[in-house]
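Chain and residue survey
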Amino acid sequence: MPADLTAATPRARVRVPLRFHDGYAVDADLVTFDGLVDGREHIAAVLGDPAPGSTPLVRLHSECLTGDVFGSARCDCGPQLREAVERIAERGGVLLYLRQEGRGIGLYNKLDAYALQDQGLDTYEANAALGLPEDARDYTAAAQMLRALGVTRLDLLSNNPDKADQLRALDIDVHDRVPTGVFTTPHNVRYLRAKVVHTSHTLPLGDLTELHAG
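Our subject in this report is the structure included herewith. (Residues numbered from 1 in each chain as written. Predicted model: local features only at pLDDT ≥ 70, side-chain atom pairs only at ≥ 80, totals over all residues. Heavy atoms only, no water.)

**What to know about the packing of aromatic side chains**
Going by this rule: Put simply, two rings from Phe, Tyr or Trp (the six-membered ring, in Trp's case) pair if the centres are within 6.5 Å, and we call them stacked under 30 degrees between planes, edge-to-face over 60, tilted for the rest. Per-residue accessibility, obtained with a 1.4 Å probe over protein chains only, is compared with the maximum for each type, and a residue is labelled buried under 20%, exposed over 50%, and partly exposed between these values. For a Lys NZ or an Arg CZ to count as sitting over a ring, it must be within 6 Å of the ring centre and within 35 degrees of the ring normal.
A complete count under the given rule lists 1 aromatic pair for this structure. When the ring of F20 is compared with that of Y24, the centres are 6.0 Å apart and the planes differ by 40°; the resulting orientation is tilted. Judged by its relative accessible area of 16%, Y24 is buried. The ring of Y114 has R74 lying over it, and the distance from NZ or CZ to the ring centre is 4.2 Å. Lying over the aromatic face of Y124, R103 brings its terminal NZ or CZ to 4.3 Å of the ring centre.

Next comes the structure, spelled out in structure tokens:
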């Protein structure tokens, strides 16, 4: 652990039955924490039972009210969350649900950026036009949470190389980065393509370009 990174501790752990709109159901242990550096109320969902000696599967999922709760088709967050819960439960691991709405800029700013996207800007250009960073997320608290759960080596379920890079810089051993599914809609293909072009997400750019052109 970096010398300047304080340790977090589990605050409470409670068993919660999760039920999704498509009928999928699984029980998770939801864990809260004390001592997180950003002071936010992030939670961990501990899912499944890893085989002895196996590497747990972990996803860092940033909160998305519009996608996770309301089912917005402008992003792929809701389907990624649903997929991650099932894949992690099957293998055993942890989903960190991080309070980082709009890649860290907040809900109101995210909706302001949506309005600019409706005028032709992509998601990153819209953030810049508002004087905001393309991606303001910091995963120091995520590393604290993982250590508090005893997870220092993992396979990361993510298309985003920055998540793996930040965790490694925080002395978390990311053994492998496992891509998520590709969840395209007519409303989000431009958003997904921007993630590839701007931040090197592992998504099929050729397919997204073809869909965008169509």
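**Things to note about the pattern of salt bridges**
Pairing is possible between side chains of opposite charge, provided their charged atoms come close. Keep this limit in mind: The term salt bridge refers to a pairing of a side-chain nitrogen on Lys or Arg with a carboxyl oxygen on Asp or Glu at a separation within 4 Å. Where helices and strands are cited, they refer to DSSP runs of H or I of at least four residues and of E of at least two residues respectively, numbered from the N terminus.
Tallied over the full model, the rule gives 12 salt bridges. The salt bridge partner of D118 is R74, with a shortest N-O separation of 3.2 Å. With D118 in the loop between helix 3 (107–117) and helix 4 (123–129) and R74 in the loop between helix 1 (65–69) and helix 2 (77–91), this residue pair connects regions lying 44 residues apart in the sequence. When its relative accessible area of 58% is taken as the criterion, D118 is described as exposed.

**Things to note about the state of the cysteines**
For clarity, the threshold we go by: The disulfide definition used here is simple: a pair of cysteine sulfur atoms within 2.5 Å.
This model, assessed by the stated rule, comprises 0 disulfides. Of all cysteine sulfurs in the structure, the one in C77 sits closest to C64, which takes part in no disulfide; the separation is 3.7 Å. Distance from the sulfur of C75, which forms no disulfide, to the nearest cysteine sulfur (C77) is 3.5 Å.

**Details of the sheet that holds strand 6 (residues 153–157)**
Rule in force here: Two strands qualify as a pair provided that DSSP identifies no fewer than 2 bridges between them. Lines fitted to C-alpha atoms define the axes here, with helix axes fitted over just the stretch in contact, and angles between the N-to-C directions of these axes take values from 0 to 180 degrees. Note on contacts: a residue pair is in contact if any heavy atoms of the two residues lie within 4.5 Å.
In space, the 7 strands of this open sheet follow the order 1-2-3-5-4-6-7, with mixed pairing throughout. The outermost strands of the open sheet, each flanked by one partner alone, are strand 1 (9–19) and strand 7 (173–178). Direction aside, neighbouring strands of the sheet carry axes that sit 30° apart on average. Looking at chain direction, strand 6 and strand 7 are connected through 5 bridges and run parallel. Considered in strand 7, the bridge of L154 is made with V174. Strand contacts of helix 5 (residues 140–148): strand 1, strand 2 (25–34), strand 3 (43–47), strand 4 (57–62), strand 5 (93–98) and strand 6, with the helix running at about 145° to strand 5, the strand carrying the most contacts.

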